Amino acid sequence: MTDLPRWMQHLGERAAAPDFHRWREMVTAAGGCTHPIRLVGSSSTVDTTTGEVLATYDTADEPTGYLLTACGNRRASRCESCARVYADDTFHLIRSGLAGGRDVPESVAAHPRVFATFTAPSFGPVHSRSLSRDGRTRPCHPRDNGPTCLSRHQEDDPKLGQAIDPDTYDYAGAVLWNHHAAELWHVFTVYLRRQLAEHLAVPRSKLNDHLRAEYAKVAEYQSRGLVHFHAVVRLDGPNGPAEHPPFGITADDLTSAITTAARSATVALPGRTLRWGKQLDIRPITTDAGWTDKRVARYIAKYATKGAEAAGTVNRPLRNIQHLDRIRGLTPHARRMIEACWAESTHYPRLRDWAHMLGYGGHFSTKSRRYSTTLTTIRRDRADHRATQARDSAGLPPLPDHTDRFGTWQVIGTGYKTTAEETWAEHIREQRRAG
Ligand SMILES: [Zn+2]
Ligand SMILES: [Zn+2]
């Protein structure tokens, strides 16, 4: 036995430990999370009508002495398994707002709704790739005025998205745009309501008595380091998704209201005015072909698990910019944007906090309150479902509906304790992936 490799011996030792069975159960329940959180503490479930304690739990009774829970990180680059759960939840959240389900009636599918992409303007020509009609790569020739490069870039060319002429590229403009993108979105939503009120010929202040515009959106980083928003916009009656908006208002009307609102939305800064890029893509959401509710939900769910990594930047806040050249994977373009964040932070101090995000400090996915359910509700439902299953398999009766749980918890650590545990967790992840 002693001639087994060391790591194999460690794997065997971990599996032979008395807490292994329970430990593996916890890792499985956490979906094989890469950086799980170790907790100690206790909780009790109380009947809210009688005050009776129905169940108690204490990590001191666990063979491991602690409880493992998933890290819950949404980003696939951080934790693949938690990101998959996040994407699934986002898919259901978006889909229920389009096709019904989870407290949203199916009649919502008949409401005017569109899928719109809001882009950033150009801050100078960047290396780009496009295909001719017969599938050949065209020479790099951005539509912007200015320098061209004429190379035929491969799909994975790291130059794609980088400025052709860094000396004339407006890096300050680019990071200021990212920094104010969430504000520009807000201005857009105000203008959209204005347009809709005009269309219905009602005063703006009375729009809510006739119609509501609900949305869900996600941010996407392009390789040029600028943020795009992909948004679902839906019209409801005054009482929310259960009510149809005023008769006669169509997806076409919504499209033209969005177009006008997006074209006129601006954020004025000293010395420059920020607006959306010329490219505004609006498509009706259908139930059969093209951009169906499923396809739109899948698309949004995919971007919800991404960060700024596509833009070649770093994944953590920066305390200074002295050693940017030592950071592996940082592209020259992203580096210039980070430096621009630092330079502009004299006027916009928060730009330093978001330099690693190339200026953008907004949320990756947001939605209006009445779009559909919330991620919190979806998660709670899943936790309740699991708890019910666990009680069932333990032969315990289901808990009544009117219960509350009280607990005190303390984080004692994150990640796995040994390489052997990491290897076992990886194995559990692979088994899950295989279905
Ligand atoms: Zn995780
Ligand atoms: Zn080029």
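The residue numbering used here restarts from 1 in each chain and proceeds along that chain's sequence as written. Labels follow written order: the first chain is A, the first ligand is 1, and so on. In keeping with the model being predicted, local features are shown solely for residues with a pLDDT of at least 70 and side-chain atom pairs are shown and tallied solely at 80 or more, while totals for entire chains, interfaces and linings include all residues. As a convention, hydrogens and water are excluded, and side-chain values are obtained from all of the structure's heavy atoms.

Under the annotation held in an unreviewed UniProt entry, the chain carries the name Replication initiator and is attributed to Actinokineospora guangxiensis.

Enquirer: How would you explain the coordination of the zinc ion (ligand 2) if you had to name every residue and give the values?
Expert: Distances from the zinc ion (ligand 2) to its protein donors, His127 (ND1), Cys140 (SG), Cys149 (SG) and His153 (NE2), fall within 2.0 to 2.3 Å. Each of the 4 donor atoms around the zinc ion (ligand 2) contributes to a set of angles spanning 105 to 123 degrees, which defines the coordination as tetrahedral. Only nitrogen, oxygen and sulfur atoms qualify as donors, and only when within 2.8 Å of the metal (3.2 Å in the case of Na, K and Ca); with water excluded, sites may look incomplete. Motif for the zinc ion (ligand 2), donor spacing along one chain: H-x12-C-x8-C-x3-H. Sites are called tetrahedral only when four donors show all angles between 85 and 135 degrees, square planar or octahedral only when four or six donors show opposite pairs over 155 degrees and all other angles between 65 and 115, and irregular in any remaining case.

Enquirer: Tell me about unusual backbone geometry, residues and numbers included.
Expert: Non-glycine residue Arg102 carries a positive phi angle of around 55 degrees. By definition, any uninterrupted DSSP run of H or I lasting at least four residues is a helix, any uninterrupted run of E lasting at least two residues is a strand, and each is numbered from the N terminus. In this fold, Arg102 is placed in the loop between α3 (80-99) and β4 (113-118). Within the chain, Asp103 stands out as a residue other than glycine whose phi angle is a positive 75 degrees. Counting through the fold element by element, Asp103 comes out in the loop between α3 and β4. Only protein chains enter the calculation, and the probe is 1.4 Å; a residue is then buried if its accessible area is under 20% of its type maximum, exposed if over 50%, and partly exposed in between. Asp103 gets classed as exposed once you look at its relative accessible area, which sits at 78%.

Enquirer: Help me get a handle on the coordination of the zinc ion (ligand 1), residues and values and all.
Expert: Taken together, the protein donors to the zinc ion (ligand 1) comprise Cys33 (SG), Cys71 (SG), Cys79 (SG) and Cys82 (SG), at separations of 2.2 to 2.3 Å. Each of the 4 donor atoms bound to the zinc ion (ligand 1) contributes to angles spanning 104 to 113 degrees, and the resulting shape is tetrahedral. All donors of the zinc ion (ligand 1) belong to a single chain; written as a sequence motif, their spacing is C-x37-C-x7-C-x2-C. With a gap of 49 residues between them, Cys33 in the loop between α2 (20-29) and β1 (37-47) and Cys82 in helix α3 connect regions that are remote in the sequence.

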